[in-house]
Amino acid sequence: MSWLQYASDEIVARFTAAGIRTVADPRNATPPCALVSPPAFEVMANGVVMTRTTVTLIAPGPANSDAAKSLMSMADLACAIDNVTTGSPGSILLGAAEYPAYDLTVEIAVKN
């Protein structure tokens, strides 16, 4: 398995363990859930690679106060994961529907 795939699988496992339904394939993203994107990376010294992955928390329904509450509840769970560094609100298009979302950044160092 590649180190990038390892980082992606590790993020899916951590978010799932935190109680958030998590997928890495947008075809399987059915809100509420977290969608893990392929990681960006930076090669460091001694074969260490720092990966930075966007994880999108997706709320069901229209962008209203119920969706905001759902997103904040998922974000609370996600913030308990050590490697989550930032988050910002936004939206995501799945099929023909636009859903409210939070884009989180998750950083994991792996050995190449």
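Rules behind the numbers
- Residues numbered from 1 in each chain as written.
- Predicted model: local features only at pLDDT ≥ 70, side-chain atom pairs only at ≥ 80, totals over all residues.
- Heavy atoms only, no water.
- Helix = DSSP H or I, 4+ residues; strand = E, 2+ residues; numbered from the N terminus.
- Rg over C-alpha atoms; globule rule 2.2 N^0.38 Å.
- Buried < 20%, exposed > 50% of the residue type's maximum accessible area, 1.4 Å probe, protein only.
- Contact = heavy atoms within 4.5 Å.
- Areas by Shrake-Rupley, 256 points an atom, 1.4 Å probe, with all protein chains shown as cover.
- Lys, Arg positive; Asp, Glu negative; His and termini not counted.
- Charge placed at Lys NZ, Arg CZ, Asp CG, Glu CD.
- Phe/Tyr/Trp six-rings, centres within 6.5 Å; stacked < 30°, edge-to-face > 60°.
- Salt bridge = Lys/Arg side-chain N within 4 Å of Asp/Glu carboxyl O.
- Pairing = 2+ DSSP bridges.

K.L.:
Teacher, can you tell me more about the overall build of the protein chain here?
P.N.:
Along the protein chain, the regular secondary structure elements total 2 helices and 6 strands. Secondary structure elements in the protein chain, listed N-terminal to C-terminal, are α-β-β-β-β-α-β-β. For the protein chain, the C-alpha radius of gyration of 14 Å lies close to 13 Å, the compact-globule estimate for 112 residues. Counting only C-alpha atoms, the protein chain reaches 50 × 25 × 20 Å along its principal axes. Of all 112 residues assigned to the protein chain, the portion counted as buried reaches 34%. Partitioning the contacts of the protein chain with sequence separation of at least 6, the portion at a separation of at least 24 is 54%. Total accessible area on the protein chain is roughly 6,100 Å²; 56% of this is exposed by carbon and sulfur atoms. Taking the average location of the 6 positive side-chain charges in the protein chain and that of its 10 negative ones, the two points are 4 Å from each other.

K.L.:
Help me out: how do you make sense of the packing of aromatic side chains in this one?
P.N.:
A ring pair, where both rings are aromatic, is described by two values, the distance of the centres and the angle of the planes. Scanning all chains against the criterion turns up 1 aromatic pair. Measuring from centroid to centroid gives 5.0 Å for Trp3 and Phe41, while their planes differ by 80°, and the two rings are edge-to-face. Here the residue Trp3 occupies a position in helix H1 (residues 3-17), and Phe41 occupies one in strand E3 (residues 40-43), the gap between them amounting to 38 residues. By relative accessible area, which is 46% here, Phe41 ends up partly exposed.

K.L.:
Looking at this structure, how should I read the pattern of salt bridges?
P.N.:
Where side chains of opposite charge bring their charged atoms close, a pairing between them can arise. Under the counting rule described, the total for this entry stands at 4 salt bridges. In this structure, Glu42 engages Arg52 in a salt bridge whose closest nitrogen and oxygen atoms are separated by 3.5 Å. Within this pair, whereas Glu42 is found in strand E3, its partner Arg52 is found in strand E4 (residues 48-58), the two being separated by 10 residues in sequence. Exposure remark for Glu42: the relative accessible area of 38% places this residue in the partly exposed category. Its relative accessible area of 32% is what places Arg52 among the partly exposed residues. Salt bridges sharing common partners tie together Glu42, Arg52 and Glu107.

K.L.:
Would you mind showing me how to read the pairing of E4 here?
P.N.:
Put simply, side chains in a regular strand alternate between the two faces of the sheet. As paired elements, strand E2 (residues 33-36) and E4 share 4 bridges and run antiparallel to each other. Bridging from a neighbouring strand, Leu35 pairs with Thr56 of E4. With 11 bridges connecting them, E4 and strand E6 (residues 97-111) associate as antiparallel partners. Residue pairing across strands places Val49 opposite Val110, the latter belonging to E6.

Remember that the coordinates give geometry; whether it matters functionally is a separate question.
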